[in-house]
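# Residue-level structure breakdown
Chain residues, written in single-letter form:
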Amino acid sequence: MKTFYDYSVPRPDGTELDLSSFKGKVVIVVNTATGCGFTPHYEPLEKLYEEYHDKGLEILDIPCNQFAGQTPGSDEQIHEFCTLKYNTQFPQMKKSDVNGENALPVYAFLKEKAPYVAPKGFKAKMAALAFKAGAKDSKGENDVKWNFTKFVVDREGNVIARYEPTYDMKKFSEEISKLF
C-alpha cells in the first residue's frame, strides 16, 4: 500500500519534488488560487510557515485552475503575485489539477485518506452550493470542492485532517499549532 512519501509533485521548472523529502515533518497540502475570495488564506498560511517551519512545518502550495478559472496565470505570474502580495516563502509547485483524469496522483491518495465531510452551518452550506455550481471537475463524492482545501499530514506521513476552505483560518492555525 502506498504512503504519502511514495508520491511526487511537479515543480514549475519541470522537476519533481519527492514527498519522501518531507519525512519527519508536518505537511499542509493546499490547492491555491490567486483570484479567489479565499486567496487571503495565504496570509495565515505564511504566518504558520514563519512560526513553525524551523520546527518541521512544510506547506505544499499547489496552484489549481479547476474552480471557476480563478488561477489563470502562468506559474511565474502566480509565484510573483504570491511573493509580492503575501510575501510567501513556502515552495510553490506547478499549476496542476486536483480532480479528474489529470489530477495529481497524490490527490487521489489524500482524498481517500481524508474524505469530504459536508460543512456545518448555514453559511458553509450556502458556500458548498456555490462551489458545486462552479466546480465542474468536482464530480466524485470525495473530490476537492474548491480552492484552499487543506490536507494535513503528520510527521509519520499519516493524513490526519482535511479542512474545507470555509473552515475558520484562526481555528485552523490554532489546531496546526498543537502539532508542535
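The structure this text deals with has already been given above.
Let me sum up the structure you'll find in this document. (Residues numbered from 1 in each chain as written. Predicted model: local features only at pLDDT ≥ 70, side-chain atom pairs only at ≥ 80, totals over all residues. Heavy atoms only, no water.)

A sheet is described by the order of its strands in space; here 4 strands give the open sequence E4-E3-E5-E6, paired in mixed fashion. The strands lining the two open edges of the sheet, one partner per strand, are strand E4 (57-63) and strand E6 (159-163). Strand-to-strand twist in this sheet, taken as the mean axis angle between neighbours without regard to direction, amounts to 15°. Pairing of strand E5 (residues 150-153) with E6 involves 4 bridges; the strand directions are antiparallel. Paired with Phe-151 across the bridge in E6 is Arg-162. The sheet strands contacting helix H5 (residues 169-177) are strand E3 (26-32), E5 and E6, and the helix crosses E5 at an angle near 10°. (Pairing = 2+ DSSP bridges. Helix = DSSP H or I, 4+ residues; strand = E, 2+ residues; numbered from the N terminus. Axes fitted to C-alpha atoms, helices over the stretch in contact; angles between N-to-C directions. Contact = heavy atoms within 4.5 Å.)

Considering the arrangement of structural elements, one finds Lys-25 in the loop between strand E2 (16-18) and E3. Assessed through its relative accessible area of 27%, Lys-25 is described here as partly exposed. C-alpha separation for the pair Lys-25 and Glu-58, spaced 33 residues apart in sequence, amounts to 6.8 Å. Side-chain polar atoms of Lys-25 contact the side chain of Glu-58, separated by 3.2 Å. (Buried < 20%, exposed > 50% of the residue type's maximum accessible area, 1.4 Å probe, protein only. Polar contact = N/O pair within 3.5 Å; in protein donor to acceptor, adjacent residues only side chain to side chain.)

A separate point is the pairing of E5. Neither face of E5 is open: one carries Lys-150 and Val-152, the other Phe-151 and Val-153, and all of them are buried. Alignment of E3 against E5, held across 4 bridges, turns out to be antiparallel. What sits directly across from Val-27, in E5, is Val-153. A loop of 5 residues connects E5 with E6, the two strands running antiparallel in sequence, and Gly-157 in this loop sits at a positive phi of about 90°.

Grouped together as the largest cluster of nonpolar side chains are 50 residues, with contacts concentrated most on Phe-4, Leu-60, Tyr-107 and Leu-110. Among the elements of the structure, E3, helix H1 (42-52), E4, helix H2 (75-86), helix H3 (105-113), E5, E6 and H5 are those that each provide at least two residues to this core. Here Tyr-107 is in contact with Val-29, Val-30, Asn-31, Ile-62, Val-98, Val-144 and Phe-151, once residues within four sequence places are set aside. (Core = buried A, V, L, I, M, F, W, Y, C linked by side-chain atoms within 4.5 Å.)

Time to look at the side chain of Asp-154. Positionally, Asp-154 belongs in the loop between E5 and E6. No salt bridge is formed by the buried Asp-154, whose closest oppositely charged neighbour, Arg-155, lies at an N-O distance of 8.4 Å. For Asp-154, the side chain forms a polar contact with the main-chain nitrogen of Glu-156, separated by 2.9 Å. Those residues in contact with Asp-154 that sit more than four places away from it in its chain are Tyr-5, Lys-25, Val-26 and Ile-160. (Lys, Arg positive; Asp, Glu negative; His and termini not counted. Salt bridge = Lys/Arg side-chain N within 4 Å of Asp/Glu carboxyl O.)

Looking now at the pattern of salt bridges. Tallied over the entire structure, the rule returns 5 salt bridges. The closest approach of N and O atoms between Lys-25 and Glu-58, which form a salt bridge, is 3.2 Å. Here the residue Lys-25 occupies a position in the loop between E2 and E3, and Glu-58 occupies one in strand E4, the gap between them amounting to 33 residues. On the basis of relative accessibility, which here comes to 8%, the residue Glu-58 falls in the buried class. Between Arg-162 and Glu-164 there is a salt bridge, and its shortest N-O distance comes to 2.8 Å. When sorted by exposure, Arg-162 lands in the same class as Glu-164, which is buried.

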